[in-house]
Amino acid sequence: MLKQAVFQSKLLPYLLVLPQLAVVLVFFYWPAGQAVIQSFLMQDAFGLSTVFVWFDNYRELLADPDYFAAILRTFAFSFAIALSSLSLALLLAVMADRPLRGSTFYRTLLIWPYAVAPPVVGVLWIFMLNPSLGVIAHGLRALGIDWNPLLDGHQAALLIILAAAWKQISYNFLFFLAGLQAIPASVIEAAAIDGARPMRRFWTIIFPLLSPTIFFLIVVNVVYAFFETFGIIDTMTRGGPAKATETLVYKVYSDGLLGGNLGSSAAQSVILMGIVIALTAFQFRFVERKVNY
Amino acid sequence: MVEHRKFGNLLPHLVLWAGVLIVAFPVYLAFVASTQDNASIANGQMSLLPGGHFLETYTKTLFVGTSGTTREPVGTMLFNSMVMAMTIALGKIGISIISAYAIVYFRFPFRMTIFWLIFITLMLPVEVRIYPTYKIVADLNLLDSYAGLTLPLIASATATLLFRQFFMTVPDELLEASRIDGAGPFRFFWDTLLPLSRTNMAALFVILFILGWNQYLWPLLITTRDDMQTIQIGIRKMIVTSDALTEWPVVMATAVLAMLPPVAVVVLMQKLFVRGLVETEK
């Protein structure tokens, strides 16, 4: 698609794209390139000399059971977060889609967690579930559950998943509501006249028509679980106890922060970049786009 | 709906109320905690109704700070977060709209190359290029500065794409008409295109402001001075590992203060925000 009417100018367009291009080159391509180069280098223990080692960093990484565990963990977290927040959001959206009294009121009350920052989400949830002073933790204790996410890795993981899913409900809710409202009422009425009950109508008509939205949201939720849970993990558990909540992104951060292994940290970054590229390509390939290139 | 229901809309109302409760409870609890005294919270004796320490806690939070690891008052952090969020939002909109303008309204060598260079950055989130970017910012002497906080986050492929898509839908006749009136590229941009993009810019601003306000990993790495940290970083530093030392009322007051600006933006500009979200799909 090309505009027919354009301006003629040799220099001006370059000046207009210059700021964007400068930022992109300096802060995106340069560091990304650095990460790729770094991932092929290995430093000696004193940081005095660097050697080009081809794929040794990658080979070491993929042979490392810790890294493998982090991959599995990240996927398990993503799956749990996406499944719980999507199903709850879908239920709420189906309910809010009806002509209800006070629907604007419900919508407003349901969408604002979108704006709450991940570390704040982490702080809110750690406060509720802190073993010694949290209100919910007290309730659990009263029920006879031995609740201590500071020591129990499974409980810590559950904590992260709950908090991360909580934040994502509002985003999913918005998109489901938009998707539901795009389904023509006449289709549903026709099915009703044919005698289909509400549950049947939902599974045979509404759910399939909603599938592009669902697919789009799955990709978005997975990307969210990969990257944006960092703030939640860092405020709630800092990857612990005993790495039970260390995701791939958190591992890049903690391995690099300790400074021990820049080569490995860079190799991890490059692998993550690969995953993001795959997810984005997937999204473009399968999801209906309003944007055409 | 189509058929008559025995209980009318009772079930949807119940489900939605349950949803609202799930969403609102943690925040209600934070507010309640911020109005009580530290001792009763630390004992686990927290009441579920607001206490009487509202003014005391919020004054202390805003102007004094905690005695924990971070001693900076939250007022400073709020200011830093505000500068960061505004710069990122306005900067992204500014550089994106002019580069989209160049790409749509001019023909020049490497036009598509430049477009793709910008587009591919969608796939390079700050999380995956974090250490090399840190090193570059350090080499440029930008640590602990507003420029270092904002510049690396200011490029936006999404905003560029959005403006490009929008400019494509602007009829060619408008350009021809303003040409006949003797307008050059600057006049056309300023008098015709900018006013037309107003609603797009506003919707984008809402989303980008929240994005900037909620940044965490980047400021965590590049700010070392307490007086440069944003509220998101400050709040994590207030939680001391030993429960006894954490001043929970102050932490919770900080959480409430950190939520207020972005939530206010979302609630007040709901319509624009929803449209912007559906349009950018992220």
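Residues numbered from 1 in each chain as written. Chains lettered and ligands numbered in written order. Predicted model: local features only at pLDDT ≥ 70, side-chain atom pairs only at ≥ 80, totals over all residues. Heavy atoms only, no water.

Quick look at the overall build of chain A
Next up, step 1: Within chain A, the regular secondary structure consists of twelve helices and two strands.
Next up, step 2: For 293 residues, the compact-globule estimate of 2.2 N^0.38 gives 19 Å, and chain A exceeds it by more than 25% at 24 Å.
Next up, step 3: Overall, chain A is about 75 × 75 × 30 Å in size when its C-alpha atoms are taken along their principal axes.
Next up, step 4: The buried share of chain A, taken over its 293 residues, is 54%.
Next up, step 5: Across chain A, the fraction of contacts at a sequence separation of at least 24, relative to all contacts at a separation of at least 6, is 66%. (Helix = DSSP H or I, 4+ residues; strand = E, 2+ residues; numbered from the N terminus. Rg over C-alpha atoms; globule rule 2.2 N^0.38 Å. Buried < 20%, exposed > 50% of the residue type's maximum accessible area, 1.4 Å probe, protein only. Contact = heavy atoms within 4.5 Å.)

Re the overall build of chain B
Next up, step 1: Across its full length, chain B holds 15 helices and zero strands.
Next up, step 2: For a compact globule of 282 residues, the expected C-alpha radius of gyration is about 19 Å, and chain B comes in at 24 Å, more than 25% above that figure.
Next up, step 3: Dimensions of chain B, computed from C-alpha atoms along their principal axes, come out at roughly 75 × 70 × 35 Å.
Next up, step 4: When each of the 282 residues of chain B is scored for burial, the buried share is 56%.
Next up, step 5: About 12100 Å² of surface is accessible on chain B, with carbon and sulfur atoms providing 69% of the total.
Next up, step 6: Placing the 19 positive and 18 negative side-chain charges of chain B at their respective mean positions leaves the two points 5 Å apart. (Areas by Shrake-Rupley, 256 points an atom, 1.4 Å probe, with all protein chains shown as cover. Lys, Arg positive; Asp, Glu negative; His and termini not counted. Charge placed at Lys NZ, Arg CZ, Asp CG, Glu CD.)

Side note on a nonpolar patch on the surface
Next up, step 1: A cluster of nonpolar side chains, Ile136(A), Phe25(B), Tyr28(B), Leu48(B) and Leu49(B), forms an exposed patch at the surface whose accessible area comes to about 430 Å².
Next up, step 2: Tracing the chain through its elements places Leu48(B) in the loop between α2 (38-42) and α3 (54-63).
Next up, step 3: Relative accessible area serves as the criterion here: at 42%, Leu48(B) is assigned to the partly exposed category. (Patch = residues over 30% accessible without salt bridge, like charges linked within 9 Å, V, L, I, M, F, W, Y side chains within 5 Å. Salt bridge = Lys/Arg side-chain N within 4 Å of Asp/Glu carboxyl O.)

Here we look at the pattern of salt bridges
Residue and element names in this part refer to chain A.
Next up, step 1: The final tally for this structure, using the stated rule, is seven salt bridges over all chains.
Next up, step 2: Across the pair Arg59 and Asp56 runs a salt bridge whose closest N-O atoms are separated by 3.4 Å. One end of the pair is Arg59 and the other is Asp56, both in helix α2 (residues 56-63) and three residues apart, which spans about a single turn.
Next up, step 3: Of the residues examined, Arg59 reaches a relative accessible area of 56% and is grouped as exposed.

Considerations on the environment of Ile97(B)
All names here are of chain B.
Next up, step 1: Mapped onto the fold, Ile97 is located in helix α4 (residues 74-105).
Next up, step 2: Judged by relative accessible area, Ile97 falls into the buried class, the value being 5%.
Next up, step 3: Separated by 67 residues in the primary sequence, Ile97 and Ala30 place their C-alpha atoms 40 Å from one another.
Next up, step 4: Setting aside its immediate chain neighbours within four residues, Ile97 contacts Phe163, Phe167, Phe189, Leu194, Ser197 and Met201.

Regarding the environment of Asn214(B)
Next up, step 1: Of note, Asn214(B) is situated in the loop between α11 (198-213) and α12 (217-222).
Next up, step 2: Residues Asn214(B) and Leu142(B) lie 72 residues apart in sequence; the distance between their C-alpha atoms is 21 Å.
Next up, step 3: Contact partners of Asn214(B), with chain neighbours within four places excluded, come to Ala115(A), Val116(A), Ala117(A), Pro118(A), Gln232(B) and Pro262(B).
Next up, step 4: Within the structure, the side chain of Asn214(B) is placed 3.1 Å from the backbone oxygen of Ala115(A), a separation counted as a polar contact. (Polar contact = N/O pair within 3.5 Å; in protein donor to acceptor, adjacent residues only side chain to side chain.)

So, the packing of aromatic side chains
For any pair of aromatic rings, the description consists of the separation of the ring centres together with the inter-plane angle of the planes.
Next up, step 1: Going through the model one piece at a time under the given rule, you end up with 33 aromatic pairs over all chains.
Next up, step 2: When the centroid spacing of 4.8 Å and the interplanar angle of 40° are considered together, the rings of Tyr101(B) and Phe189(B) count as tilted. Residue Tyr101(B) is found in helix α4, and its partner Phe189(B) is found in helix α10 (residues 185-196); the two are separated by 88 residues along the sequence. Neither residue differs from the other here; Tyr101(B) and Phe189(B) are each classed as buried.
Next up, step 3: With 6.1 Å between their ring centres and 50° between their planes, Phe166(B) and Phe167(B) make a pair best called tilted. You'll find Phe166(B) and Phe167(B) in the same group, each marked buried.
Next up, step 4: In this structure an aromatic cluster arises from ring pairing among Phe7(A), Tyr101(B), Tyr105(B), Phe106(B), Phe163(B), Phe166(B), Phe167(B), Phe188(B) and Phe189(B).
Next up, step 5: Sitting above the plane of the Tyr114(A) ring, Lys167(A) keeps its charged end 5.8 Å from the centroid. (Phe/Tyr/Trp six-rings, centres within 6.5 Å; stacked < 30°, edge-to-face > 60°. Lys NZ or Arg CZ within 6 Å of the ring centre and 35° of its normal.)

Here's the deal with the interface of chain B and chain A
Next up, step 1: Taken together, the contacts link 112 residues of chain B with 102 residues of chain A.
Next up, step 2: Overall, the association of chain B and chain A removes approximately 10100 Å² of surface from exposure, summing both partners, and the carbon and sulfur fraction of that is 75%.
Next up, step 3: Between Arg236(B) and Asp234(A) there is a salt bridge, and its shortest N-O distance comes to 2.3 Å.
Next up, step 4: Summed over the shared surface of chain B and chain A, the number is twelve residue pairs in polar contact (both at pLDDT 80 or more).
Next up, step 5: In terms of residue count, the dominant contributor to the side of chain B that touches chain A is helix α1 (residues 10-34) of chain B (17 residues).
Next up, step 6: By residue class, the composition of the side of chain B that touches chain A is 83 nonpolar, 15 polar and 14 charged. (Buried area = accessible area lost by both parts, 1.4 Å probe. Nonpolar A, V, L, I, M, F, W, Y, C, P; charged D, E, K, R; others polar.)

As for the nonpolar core
Next up, step 1: Counting 187 residues, the largest nonpolar core has Leu124(A), Tyr101(B), Tyr105(B) and Phe167(B) as its most contacted members.
Next up, step 2: Excluding its chain neighbours within four sequence positions, the residues that come into contact with Leu124(A) are Trp166(A), Pro26(B), Val27(B), Ala30(B), Met252(B), Ala255(B) and Met259(B). (Core = buried A, V, L, I, M, F, W, Y, C linked by side-chain atoms within 4.5 Å.)

Concerning α3(B)
In an α-helix there are 3.6 residues to a turn, and that puts residues three or four apart on one side.
Residues and elements named next belong to chain B.
Next up, step 1: Turning to α3, its buried residues are Thr57, Tyr58 and Thr61. Considered in projection along α3, the buried side chains sweep an arc of 90° and stay on one side of the axis. For α3, the exposed residues lying more than 90 degrees away from the buried face are Leu55, Glu56 and Phe63.
Next up, step 2: At its buried positions, α3 is contacted by α1, α4 and α14 (248-268).
Next up, step 3: Immediately downstream of α3, the backbone of Gly65 shows phi near 95°, a positive value. (Arc of directions from axis to C-beta.)

As for unusual backbone geometry
All names here are of chain B.
Next up, step 1: Positive phi, close to 70°, is recorded for Phe110, a residue that is not glycine.
Next up, step 2: As for its position among the elements, Phe110 is in the loop between α4 and α5 (111-120).
Next up, step 3: Judged by relative accessible area, Phe110 falls into the exposed class, the value being 60%.

So, the confidence of the model for chain A
Next up, step 1: On average, chain A scores 82 in pLDDT, and the residues at 70 or more come to 91%.
Next up, step 2: Within the model, pLDDT remains below 50 along residues 288-293 of chain A, and this stretch shows 15 contacts once partners closer than five positions in the same chain are excluded. (pLDDT = per-residue confidence, 0-100.)

Considerations on the packing of α11(B) against α14(B)
All names here are of chain B.
Next up, step 1: Remark: α11 packs on α14, axes separated minimally by 9 Å, with the N-to-C direction vectors making an angle of 165°. Considered as vectors, α11 and α14 are oriented roughly antiparallel to each other. Relative to α14, the crossing made by α11 is left-handed. Residues Val206, Phe209, Ile210 and Trp213 of α11 form the contact with α14, whose own contacting residues are Ala258, Pro261, Pro262, Val265 and Val266.
Next up, step 2: Residues that form the contact of α11 with α14 fall into these classes: nine nonpolar, no polar and no charged. (Axes fitted to C-alpha atoms, helices over the stretch in contact; angles between N-to-C directions. Parallel < 35°, antiparallel > 145°, perpendicular 65-115°, else oblique. Left-handed = near helix turned anticlockwise from the far one by under 90°.)

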